[in-house]
Amino acid sequence: MEETLRVLLVASAFNSLTQRVHTELRARGYEVGVELALGDDLLRARVTHFRPDLILAPMLTTAIPEDVWTEYPVLIVHPGPKGDRGPSSLDWAISTGAQEWGVTVLQAVAEMDAGPIWASMPFAVASCGKSELYRNEVSDAAVAAVLLAVDRFAGGDFEPEPLDYGRPDVRGELRPYHSQRYRMIDWRTEDTASVLRKLRAADSQPGVLDEFYGREYFVHGGHREDRLRGVPGAVIATRDGAICRATADGAVWLPQLRRRRVPGGPRTFKRPAVDALGADLPGNVPEVPVTPAEAAVRDTWSELRYYEQGSVGYLEFAFAGGAMSTEQCRRLLAAYEQACARPVRALVLGPARDFFSNGIHLNVIEAAEDPAEESWRNITAMNDLVEAILTTTDKLVISALAGNAAAGGVMLALAADEVWCRQSAVLNPHYRLMGLYGSEYWTYSLPRRVGSTEAARLTRETLPVGATAAAEIGLVDRVVAGSTTQFREWVRREATLLADSPELENWLTAKKQLREADESAKPLAEYRSEELAHMRRNFFAEGEPYHELRRNFVYNVAPPATPAYLLG
């Protein structure tokens, strides 16, 4: 009988790619542990205890100690094609306008990114920001390369390919760190395309260092504007917390800013651009709204888009980092209510790409004058939105998850009648890691789908769940493989078939009867009241861990050691 392969994941953070690799390897029967790269001695101790057959680093910003990679096989996932080396691979790909890039799995050696190659997968570079690209095309290619490399390792007879720049398929090169001198924007002379490349290459980290009204900020993210124009460099409009800044030939929207930290001053974090600028933003800068329906047919920035195809309405929402503030929840609720008033038979909820939702907006809460009170307002607004979906009985409602969801974002998805996932999606249906009991009617919707025993396990273990595993336990209804584009095309076909089915009216009648029966057994208001009683203690009582955990998350404070739930 063959022994189970023991794989230790070593990562700088348990980020989206690491979580996906974790779920994929576990699904294949491997014994998987996780160690955060928090110090060489901690890593050595964990390796000694876990005794892995293979060490795999999906996302690592520090080097593995030589005594570890000489004793154990260590494979590094590098987000670049064969031969690409350096710490800023994706930044260079986006800023130089590359059409195709790759992910390479290589063995750790003394020279960084120069080890023998175990697998490499190409991917097309989508026109989007670095973080969105990373969670989609990069992640898909990385998982394919990792699984191939692990299979080759497990087979025992594969010889990795030495790095040889003489080979025709080795087209990468050693590139320097993509510092701010490469990212600087000259708003007076640079066109929109150039500005967008720089903004997108830095949207998550580190941002583009820039100046607004005599103060320095890091700009995170950028989106084209198709109509507004102004003096290059001037802030010419605002919309839902974002600002619009004129370029030499157009304008771009900037959703988030982070004040540059003054030496010795307080730490800073990303905030909606209007909030970050505060009183420095001139009062004469106009708010220029756009409706979700108008945004769907324009090339402009909007968090909400709505369009119809036949008897199906599509309400797309795309919030930075998947976080939803009080105001964002209210805007989405208003858009949902407007969509419900339309003469469509089905509604599809969710963005075309990237995060579905990660629940309440911890950064906005951290910046509030009273974080506890803002937490309460935020969770109340989330509950109002979820309740509206749960009580929609005259339409089929479908949550379409092209990307990941966590905490209240999972419960938002579960409020729909059908939950469809791209196979790449990873779900985190729990709240405990933020010290919260949770709300969004999870005590109704989660056990309704998976049963009380499974609901207790999911919320207790606090581990990510891959889409396929989620379907096996009933957490989601349907899973389909493919790219985000392929997933969206599949959703449109299947949603149309259901909406046009002659059985839909009977199904809606049964849905209404079930909602009435559930309401008679235990009203939704009772679930909400019970959940919010716990949440009020989490937010307002002394000694609760939520506020410290939130601050650590917002300021990206590393734990002193790998949390117990990851040890495997």
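The paragraphs below set out a description of the structure included in this document. (Residues numbered from 1 in each chain as written. Predicted model: local features only at pLDDT ≥ 70, side-chain atom pairs only at ≥ 80, totals over all residues. Heavy atoms only, no water.)

## Concerning the sheet that holds strand S16 (residues 312-317)
A sheet is described by the order of its strands in space; here six strands give the open sequence S15-S16-S17-S18-S20-S23, paired in mixed fashion. Two strands lie at the open edges of the sheet, namely strand S15 (304-309) and strand S23 (478-480), each paired on one side alone. Each strand of the sheet is rotated relative to its neighbour by a mean of 20°, with strand direction disregarded. (Pairing = 2+ DSSP bridges. Helix = DSSP H or I, 4+ residues; strand = E, 2+ residues; numbered from the N terminus. Axes fitted to C-alpha atoms, helices over the stretch in contact; angles between N-to-C directions.)

## Concerning the packing of helix H14 (residues 442-450) against helix H15 (residues 452-461)
Taken N-terminus to C-terminus, the directions of H14 and H15 make an angle of 115°; their axes are 7 Å apart at the nearest point. Relative to H15, the crossing made by H14 is right-handed. From H14, Trp442, Leu446, Pro447 and Val450 reach across to H15, where they touch Ser452, Glu454, Ala455, Leu458 and Thr459. Its residues assigned to classes, the contact of H14 with H15 shows six nonpolar, two polar and one charged. (Left-handed = near helix turned anticlockwise from the far one by under 90°. Contact = heavy atoms within 4.5 Å. Nonpolar A, V, L, I, M, F, W, Y, C, P; charged D, E, K, R; others polar.)

## Things to note about the side chain of asparagine 404
Summarising the element assignment, asparagine 404 is placed in the loop between strand S18 (396-401) and strand S19 (405-406). In this structure asparagine 404 comes out as buried when scored by relative accessible area, which is 15%. From its side chain, asparagine 404 meets the backbone nitrogen of valine 426 in a polar contact 2.9 Å long. Leaving out residues up to four positions away in the same chain, asparagine 404 has contacts with Ser16, Asp354, Phe355, Phe356, Ser357, Ser424, Ala425 and Val426. (Buried < 20%, exposed > 50% of the residue type's maximum accessible area, 1.4 Å probe, protein only. Polar contact = N/O pair within 3.5 Å; in protein donor to acceptor, adjacent residues only side chain to side chain.)

## Quick word on the pattern of salt bridges
Counted according to the given criterion, the structure contains 48 salt bridges. Here glutamate 31 makes a salt bridge to arginine 6, at a shortest N to O gap of 2.7 Å. Placement of glutamate 31 in strand S2 (residues 31-36) and of arginine 6 in strand S1 (residues 6-11) is noted, with a sequence separation of 25 residues between them. Across the salt bridge formed by arginine 331 and glutamate 303, the nearest N and O atoms sit 3.3 Å from each other. Here arginine 331 is found in helix H10 (residues 326-340), whereas its partner glutamate 303 is found in the loop between helix H9 (292-295) and S15, with 28 residues between them in sequence. Overall, glutamate 303 belongs to the buried group, its relative accessible area being 8%. (Salt bridge = Lys/Arg side-chain N within 4 Å of Asp/Glu carboxyl O.)

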